[in-house]
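Chain by chain, the residues run as shown.
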Amino acid sequence: DLKLQFLYFIVPCNQMSTTTYTYTPAQGSILFRHVLEPAYARMVNYLPRWLTPNTMTTIGIILTGGAAAVMLESFRSGNPLSTEALVVIAIVNLIYMTLDNLDGKQARRLKLSSPIGEYLDHGGDCWTSLLSTWCMFRLAGAPFPEYTVAILSVVTMLVHLYHLVTDKTTLGGDFFSADEGMLTFSLVPLVHAFFPDFWSSSVIPQAYMPEGAPDRCFSVAYVCTAIFFLGQVAAIVDMFRSLGTKVFHECVIQLVVTLVIMFLGFDSSIEWVVTTTMLSSGCIHIVISASCLKLPAEKTFNNTALILTGVPVVWLVMPQHRFWVAAASVGLHGLQILYNCRQIIVFKARKE
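Residues numbered from 1 in each chain as written. Predicted model: local features only at pLDDT ≥ 70, side-chain atom pairs only at ≥ 80, totals over all residues. Heavy atoms only, no water.

Chemist: Tell me about the packing of helix H5 (residues 115-139) against helix H6 (residues 145-166), and name the residues and values.
Modeler: Where H5 contacts H6, the two axes come as close as 8 Å, and the packing angle between them is 160°. In terms of orientation, H5 and H6 fall into the roughly antiparallel class. The element H5 and its partner H6 pack so that their crossing is right-handed. Listed contacts from H6 to Glu118, His122, Cys126, Ser129, Leu130, Thr133, Trp134, Phe137 and Arg138 of H5 are Pro145, Glu146, Thr148, Val149, Leu152, Ser153, Thr156, His160 and His163. Taken together, the residues of the contact of H5 with H6 break down into seven nonpolar, eight polar and three charged. (Axes fitted to C-alpha atoms, helices over the stretch in contact; angles between N-to-C directions. Helix = DSSP H or I, 4+ residues; strand = E, 2+ residues; numbered from the N terminus. Parallel < 35°, antiparallel > 145°, perpendicular 65-115°, else oblique. Left-handed = near helix turned anticlockwise from the far one by under 90°. Contact = heavy atoms within 4.5 Å. Nonpolar A, V, L, I, M, F, W, Y, C, P; charged D, E, K, R; others polar.)

Chemist: Residue-level account of the side chain of Asp103, with values.
Modeler: Note that Asp103 resides in helix H4 (residues 83-110). Although Asp103 is buried, it forms no salt bridge, and the closest oppositely charged side chain is Arg108 at an N-O distance of 7.2 Å. Only 2.6 Å separates the side chain of Asp103 from the side chain of Thr57, close enough to count as a polar contact. Contact partners of Asp103, with chain neighbours within four places excluded, come to Pro53, Met56, Thr57 and Asp121. (Buried < 20%, exposed > 50% of the residue type's maximum accessible area, 1.4 Å probe, protein only. Lys, Arg positive; Asp, Glu negative; His and termini not counted. Salt bridge = Lys/Arg side-chain N within 4 Å of Asp/Glu carboxyl O. Polar contact = N/O pair within 3.5 Å; in protein donor to acceptor, adjacent residues only side chain to side chain.)

Chemist: Run through unusual backbone geometry, naming residues and quoting values.
Modeler: Working note: non-glycine residues mostly have negative phi, and peptide bonds are mostly trans. With a phi close to 60°, Lys111 is a non-glycine residue in the positive phi region. Looking at where Lys111 falls in the secondary structure, it is placed in the loop between H4 and H5. The phi dihedral of Phe144 is positive, around 50°, even though this residue is not glycine. Mapped onto the fold, Phe144 is located in the loop between H5 and H6.

So, in structure tokens, the structure goes:
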């Protein structure tokens, strides 16, 4: 019964597993291949067999989403987080990173690989990574943290589009990948907890500072931001080379239009960040769900895309109700995730 299976997914007890479903993870960076991967390969053998992969994924998403929510509330209220709170956030994000790497290994260990599992994993990483990245740049006092959401959204979209088109996964290079990105979600709050002035310190001695140059331009926060943006631009160029004209996919266009509209109504509020993150993640989820369903690229666009398109327009024309627009974007993205999960369940049932 499809309704019963869907309820089981929500709790989540049923993995909708299949012995024929396969997913090949990305090769990863040098750090991942030689340090993290061997450690995870040993750790998974100590996990209880009753701990299902989807449960691990869900716990990780709740933990890192909760940490991001705490940081967002701190920024909104203007009350700095205590040292203890920052340490807890660092630990929580480290647990999330560990669970995010172990859930797939647990699935293969228990022969519970499934399209639902892949969708939960990549879909959860999508919105949590966008939100956490903004929080980390904001915590470090980096310039224009809102633009990190925009450029990272585009890169994430192209990465998943590449997976949809080629059935291959790429999450970075030898020196920086998704795992290093998740490590920063722990390192940034940890450094800020004990060395809050670190981000504003200069990377070059004062004696070598160019004459007339603002000190903040050579601060750790500014330099890290520059490196981040250069890395993202390089990733976009690489995706353009790999995808060719397919880079102008309708979902990519929808994401770019959404970001343009949101920046037209930019107001640097927490509501703007939440709305932009949820809408960007919603556009990307369309491609992720299509990858999980093994659909051809030309059949990716679905009904949820039309709903998501209207939200940024409402944001732009109704500035007095932006809190409710942000709340609606969260609710709509949640409903979209449930809708996509149901589509995956129905599709699997029909194939069987």
